[in-house]
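# A look at the structure
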Amino acid sequence: MGANERAQQWYLWAKETEPAGTGHRESEQLVVPKKQGNPSRGDPVEGRGCRVTEPSRGKMAGMQGPGTVSTRLRRIAKLAKEAPDLAFTSLAHHIDVEFLHEAYRRTRKSGAPGVDGQTAEQYEVRLEENLRSLLDRLKSGAYRAPPVRRVNIPKGDGRKTRPIGIPTFEDKVLQRAVTMVLESIYEQDFLDCSYGFRPARSAHQAVEAIWKILMNMRGGWVLEVDIQGFFDNLAHGHLTSFLDQRVRDGVLRRAIGKWLNAGVMDEGRLSHPEAGTPQGGVISPLLANIYLHEVLDRWFEAEVKPRLSGRAVLVRYADDFVIVFSAEEDARRVMGVLPKRFGKYGLTLHPEKTRLVPFRKPPSRPKGPAPNGQADGPGTFDLLGFTHFWAQSRKREWVVKRRTARGRLSRALKAVNQWCRGNRHRPIADQQASLSRKLRGHCAYYGITGNAKSLAAFRDGLTLAWRRWLNRRSHKARMWWHKFKKLLAKYPLPPARAIHSKYHVVNPVA
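So, a few notes on the structure that sits alongside this text. Bear in mind that the values here come from a model prediction, so they are computed numbers and not experimental data.

As a further point, take the packing of aromatic side chains. In this structure the tally under the stated criterion is 17 aromatic pairs. On the basis of an interplanar angle of 25 degrees and a centroid distance of 5.6 Å, the ring pair of F386 and Y445 is categorised as stacked. Taken together, the residues span a long stretch of sequence, with F386 in strand β13 (residues 386–392) and Y445 in helix α14 (residues 428–446) at a distance of 59 residues. Relative accessible area serves as the criterion here: at 24%, Y445 is assigned to the partly exposed category. Aromatic ring contacts, followed pair by pair, group F230, F231, F242, Y291 and Y345 into a single cluster. The ring of Y195 has R201 sitting right over it, with the charged end atom 4.7 Å from the ring centre. One residue, R403, lies across the ring of F389, its end atom 4.3 Å from the ring centre.

Now the structure itself:
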């Protein structure tokens, strides 16, 4: 079949799927992958694809709002799914004022302002004018990405900090719009092993997936990997080559390039790092997933797993991932080649945090209580704030259990203690409401089946911190225990519940 016939088929298919009332203002150019074999007279020239004209959708009367935007995104996703080797060369025409309105609606309004100090409320005063100006600058190439404002937040046990980049609110809106378009394409490419920052996927699903894998395999060898400064060392050149495989739209690619090179404002000093993408930006998680999809996910599935003697499963959440092996030899081989693979793309594995953990199911134990209910011998590993370990169930069967990682628990209690210290002058009712929200928020993430002891430890620590700082409000009004118990009866704290329980559904608001 020649190029003209294929182009006609694409046009007819697009025309059939086009809803009534669609405008034909612009054309969407699609690069059709070249077939294998000897090229015929009508085949596209090597290195270039034939252009397929597809009518785009303009504004449709009577169909304003998120429905129109979601229809466009579904259409892009359908094309991407049906042609996994297709590169989109024209996507920007999907972004119009209506699209930016939907991006604005999806953008979080309570975030900290960027370098310009503009808040969401200030931007909303002249929303229509601001969005039209943003669209004109994007399409004409006059858009200039402002530098991100850098702040440092506690990391791990609080002794180290993590740099976070905060874009301006207008930047967040535009990044959200571009992310919506790119996401509809790359969601068709990403593998099931990836869970981080993807629609309808969460950290709890990743934790549940690794639990099921370990239970089905009855343990094994767990390769716990930590990428050192991933967001700061992401190579722009490699990212560009990865994007070229699927997205070649000039408008969107220019915007991405401007965000990567916008610079960082740190305490009044502007710098322009040659690598990395600011962690905290709206589009940064998607770019990170694109990068690791090529560097790790596809490589592991296509090249590593076929060469292994046993079973191996990868679970990744953004730049945090573990690999479970049934055979020790396979685990050590992959552990030896991983630094070379990541080094090829400018990334380094943390020498201390990257380790191989023997996580085999313990041998059967004689009847009787197990010491502390935990096995002697098999190691433990952390993933997404949870420590995984073998323990005996009530039926005296060995199962994989999860508890809040020690560093996460101590960091959460430290934050509560600091809050109680700084807010002990507030009315008791206000303190009780704020502490209740903190407790519910902690349970909303760490409240999983089998983590009752850690949840109770957090609630007890929160209660003790509250009493400690209420006791220091005044030398005269001492908060003795009998008095504090009466206060708790009047201003009770919510119970520590497993929100994500397998056995029952708990309303986190209750």
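So, about the sheet that holds β13. Strand-to-strand pairing in sheets goes through backbone hydrogen bonds, with the strands running parallel or antiparallel. Strand order in the open sheet made by the three strands is β12-β13-β14, with antiparallel pairing throughout. The two strands at the open ends of the sheet, each matched to only one other strand, are β12 (381–383) and β14 (398–404). Each strand axis lies, on average, 40 degrees off the axis of its neighbour in the sheet, ignoring direction. Across seven bridges, the pairing between β13 and β14 is antiparallel. By the bridge assignment for β14, F386 is matched with T404.

It is worth spelling out the nonpolar core at this point. A general feature of soluble globular proteins is that nonpolar side chains tend to end up buried together. In this structure, Y291 and F342 are the most contacted members of the largest nonpolar core, which totals 82 residues. Take this core: its biggest share by element is eleven residues, from helix α11 (residues 284–304). Other than its neighbours up to four places away in sequence, Y291 contacts F230, L234, A235, H238, L239, F242, Y345 and L347. One finds M217, Y317, C420 and W469 within the second-largest nonpolar core, a separate group that totals 49 residues.

What counts, and at which threshold
- Counting from 1, residues in each chain are numbered in the order their sequence is written.
- Local features are withheld for residues below a pLDDT of 70 in this predicted model, meaning they are given only at 70 or higher, and side-chain atom pairs are given and counted only at 80 or more; totals for whole chains, interfaces and linings count all residues.
- In computing side-chain properties, one takes all heavy atoms of the structure into account and sets aside hydrogens as well as water.
- We call Phe, Tyr and Trp rings a pair once their centres come within 6.5 Å, taking the six-membered ring for Trp, and we label the pair stacked below 30 degrees between planes, edge-to-face above 60, and tilted otherwise.
- Helix and strand definitions here come from DSSP, where helices need a minimum of 4 consecutive H or I residues and strands a minimum of 2 consecutive E residues; each element is numbered from the N-terminal end.
- Summary of the burial criterion: residues with accessible area below 20% of their type's maximum are buried, those above 50% are exposed, and those between are partly exposed, where the area comes from a 1.4 Å probe applied to protein chains only.
- Placement of a charge over a ring requires the Lys NZ or Arg CZ to be within 6 Å of the ring centre, with the centre-to-atom vector within 35 degrees of the ring normal.
- At least two DSSP bridges between two strands are required for those strands to pair.
- Axes, fitted as lines to C-alpha atoms, cover a helix only where it is in contact. Angles between the N-to-C directions of the axes lie from 0 to 180 degrees.
- As used in this record, nonpolar core signifies buried Ala, Val, Leu, Ile, Met, Phe, Trp, Tyr and Cys residues forming a set joined through side-chain atoms within 4.5 Å.
- Note on contacts: a residue pair qualifies if any of its non-hydrogen atoms lie within 4.5 Å across the two residues.

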